[in-house]
Every structure is written in structure tokens, then in C-alpha cells.
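Now for the letters of each chain:
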Amino acid sequence: MQFTKLVLASAAVAAQVTAELTKWDDWEHGRVALQDVSIHFRYAGSGPPLLLVHGNPQFSLTWQFIGPILAQNYTVIAPDNRGAGDSSIPPDSNYSATASAADLKGVLDFLNVTLTYVFSHDKGVGIAVALAAQHPDLVKMLGVAEYLLPGFGYEDAATPAPYWDLYQNPQLAFFQIPDFAEFLMSGKEKQFLEWYFYHGSYSGTTAFSEDTVNRYTSSISKPGFLRAMLGPFSAASITADAAFFKGTVGKNPLAMPVLAMGGEASFGLESGFKQLFGPVASDLEIDIIPKAGHWIADENPVWVANRIQQFLAKATSPLSAVDLSYLKDRVTLKVGYFGTLGNAALGGLTVF
């Protein structure tokens, strides 16, 4: 059922809300040392926990506009996926959805969060679905946007077709051989991002500010991070993800409520969502995001944030609030410069 015609907020309320927001750059930082990666995350707000999972080529900055709106009513937790943002690169180059989902589980365990709402975008959808499939008792409600699961439509979207032009998604095929893609893109990271953001948007170059593009450019220009950004798109990652999804949600669909959304200038086709997500989610709700292409969090953040809250408000038994204020100015890492538990063990450091 669609709700695109609903009035989500009046101009007066929106103006009042804007004045109360905690700006993204003022959010707290956190870091968790896991076995093979160090995961960085941002957090803010108060209320029930809401985990936001970004996609590629972005990092947690994805939520710079949506996050502050949601943080008025939720404790929002926004990690950088492995190999993205300020998280570290895994030594084995494992960027499968299950590996990244295990990282999210590690962050939630560290924060003592045992049940959470989740919203995801792009590659983050696969990670979030993997988390929900492996830990259904951990995910209360799940939102997914702008992604087709491997094994359930992704491969078709990545295969060249007669209708392909500059505004399709040739990068999905191009990225499947990361070494080749990295060779051609190295030194042209900003040009690549500008095209990537432009071709997938509803409003063209106005969707992203120069500052935002520069932040993403700096992120994937760090040593090893361009290759890491390509990792989840590799043929090996997609094959592993397809096998996982077919063997889990393909046989036992997710039972928790799922909201699937797409931008009207991108994956926003209701019939497509029903066909592709219907088999993997038994309680599915679908909506189309107006005035947006693929980059929903930048193109229409207020609508998306309000739609997420509208969805979560339907919870039959709302989650209890969590308070992360205890983390402020508290030492939580026990591995020092080793970064990860694995490195600490290799260095002879015993971690209790």
C-alpha cells in the first residue's frame, strides 16, 4: 500500500523541527574492535535504537540529513561498513553481506542492544537482510531501499541489456572485476563519484553539495579504500551473497515487518518490489519515494525520514529507549594501536 499522497508534516512543524536538530558533524563517535576489523560509528539522539546501514560508494555520511531528523525520537546508530569511511579494511578482503552483518552484530553487542529497528540503503540492504536472517530475534522491523538482493534480481540488473544507456547501471557489471575497475578509476575518484551521483539522481548535480562530494572523494582515495569500495560488488561477493540469500530468506522468508522503498526515478516500481521482495518477506509494505532517484537520503531526506517514522510507529510493542550517554569520554578500546582483536593476538597482547 502506498502512502505517497499523505501529508507527512506541515511547513510550520518542519521549521520547528529543523531548529531542534543535532547536526551530523556534532554527533558522537564510537569505535569497536572486532576480530578482523575496527568498526567506526556515529550516534545521537534518545529513544528506541535505530540502526542505519549505508551502501556503496558512500559511508555513514549517507545519513547526514536523515539521521538528525530520526534522532529526535530514536537513538540512531550509524556505522561505517568494513572498508568504508573510518572503519578498517579486512585483511582477507571479505566483503560478503554475512561478514558485514557480523560486524553490525558486533557493534550492537558492544552497545548491549538486544533488539533494534533497522533501515538500510543500497548495498546496506543486503547486509541488513543478512543480519535479520541470521538474527531474527535482533531485528524488530526492517526498512530497505534501492537494492535488489543477489539471487533475487541483482544479477539481471547487472547484465547488459538493449535498453542500457548512460542512465542505467553499467557500474554493476564494471565493478565485478575490482582489480580492473580500480586500475581505470584510480586518480579519477572525484570524476567517478560526480558521474555516479549524477546519473542515478532525480535532480542531477544539485543532489550533492561540493562539500559532500569532497568528503566521499577523500574517503575512497585513502590507500586501499577504492579497492575496498569495490569489494562488495565483486563476482565472488555477489556469488556468495546469492547462495546465502537463496538458502535463508529464499526458503524461510523474513517474518518481521519489512518496508521496501525506491526512488521514483530509480527502483521505484511497485510491481518490481512485489515480485522481488515478496518471496523473501512475509509481511511486506511498499512505497515509492517522490522527487528522488537512487540517492534517497540526499534527494528527499525529510520525506524519507518521516516515512521511516510512520512505518516504525506501527510497531505492536514499541521498543524501549536506550541511553548511550555513558559512552561519552569513556575508554572502550582494549587493543590500542593493534586496532583489531586479531592483530592484538598476533602481537601477543592478551585482551580481557
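To start, this report covers the structure provided alongside it. (Residues numbered from 1 in each chain as written. Predicted model: local features only at pLDDT ≥ 70, side-chain atom pairs only at ≥ 80, totals over all residues. Heavy atoms only, no water.)

1. Focus on empty space enclosed by the protein
Logical step 1: Scanning all chains against the criterion turns up 2 cavities of 30 Å³ or more.
Logical step 2: The computed volume of the largest cavity comes to approximately 140 Å³.
Logical step 3: What lines the largest cavity is a set of 17 residues, among which Tyr95, Ser100, Lys123, Ile127 and Pro232 lie closest to the centre.
Logical step 4: When residues of the lining of the largest cavity are traced back to their parent elements, those giving at least two are helix H3 (97-110), helix H4 (123-134) and helix H10 (225-230).
Logical step 5: Considering each element in turn, the lining of the largest cavity owes the most residues, 3 residues, to H4.
Logical step 6: Residue composition of the lining of the largest cavity, grouped by class: 8 nonpolar, 6 polar and 3 charged.
Logical step 7: Roughly 40 Å³ of volume is contained in the second largest cavity. (1 Å grid on protein atoms, 1.4 Å probe; cavity = no way out; pocket = protein on both sides within 12 Å on 5 of 7 lines; lining within 4 Å. Points joined across faces, edges and corners; volume = space filled by probe spheres on them. Helix = DSSP H or I, 4+ residues; strand = E, 2+ residues; numbered from the N terminus. Nonpolar A, V, L, I, M, F, W, Y, C, P; charged D, E, K, R; others polar.)

2. Examining the pattern of salt bridges
When charged atoms on two side chains of opposite charge get close, those side chains can pair.
Logical step 1: Counted by the stated rule, this structure contains 12 salt bridges.
Logical step 2: Note that Glu210 and Lys190 form a salt bridge whose closest N and O atoms lie 2.5 Å from each other. With a gap of 20 residues between them, Glu210 in helix H9 (residues 210-221) and Lys190 in helix H8 (residues 189-199) connect regions that are remote in the sequence.
Logical step 3: The exposure class assigned to Lys190 is partly exposed, which follows from its relative accessible area of 25%.
Logical step 4: Put simply, Arg215 and Asp211 hold a salt bridge, and the shortest N to O gap is 3.1 Å. You can see Arg215 and its partner Asp211 sitting in helix H9, 4 residues apart, about one turn around the helix.
Logical step 5: The partly exposed category is assigned to Asp211, whose relative accessible area is 42%.
Logical step 6: A single network of salt bridges, built from pairs that share partners, joins Glu285, Asp287, Arg307 and Lys314. (Salt bridge = Lys/Arg side-chain N within 4 Å of Asp/Glu carboxyl O. Buried < 20%, exposed > 50% of the residue type's maximum accessible area, 1.4 Å probe, protein only.)

3. Details of the packing of H3 against H4
Logical step 1: For the pair H3 and H4, the least separation of the axes is 8 Å and the interaxial angle reads 70 degrees. Looking at the two axes, H3 sits roughly perpendicular to H4. By crossing handedness, the relation of H3 to H4 is classed as right-handed. Where H3 abuts H4, its residues Ala97, Thr98, Ser100, Ala101, Leu104, Lys105 and Leu108 lie against Gly126, Ile127, Ala130, Leu131 and Gln134.
Logical step 2: Per-class residue counts for the contact of H3 with H4 are 7 nonpolar, 4 polar and 1 charged. (Axes fitted to C-alpha atoms, helices over the stretch in contact; angles between N-to-C directions. Parallel < 35°, antiparallel > 145°, perpendicular 65-115°, else oblique. Left-handed = near helix turned anticlockwise from the far one by under 90°. Contact = heavy atoms within 4.5 Å.)

4. Focus: the sheet that holds strand S1 (residues 28-33)
Logical step 1: If you trace the 8 strands from one edge of the open sheet to the other, you get S1-S2-S4-S3-S5-S6-S7-S8, paired in mixed fashion. Each edge of the open sheet is held by one strand with a lone partner, namely S1 and strand S8 (284-289). The average angle at which neighbouring strand axes cross in this sheet is 20 degrees, direction not considered.
Logical step 2: Bridge count between S1 and strand S2 (residues 38-45): 6 bridges; the pairing is antiparallel. Looking across to S2, one finds that Glu28 is bridged to Tyr43. (Pairing = 2+ DSSP bridges.)

5. Some details on the packing of aromatic side chains
Logical step 1: On inspection of all chains with the given rule, the structure shows 22 aromatic pairs.
Logical step 2: With a centroid separation of 5.4 Å and an interplanar angle of 80 degrees, the aromatic rings of Phe59 and Tyr216 are classed as edge-to-face. Here Tyr216 lies in helix H9 and Phe59 lies in the loop between strand S3 (49-53) and helix H2 (66-70), a separation of 157 residues in the sequence. No difference in accessibility class separates Phe59 from Tyr216, as the two residues are buried.
Logical step 3: Summarising the aromatic geometry, the rings of Tyr196 and Trp295 are spaced 5.4 Å apart at their centres and angled 85 degrees between planes, so their arrangement reads as edge-to-face. (Phe/Tyr/Trp six-rings, centres within 6.5 Å; stacked < 30°, edge-to-face > 60°.)

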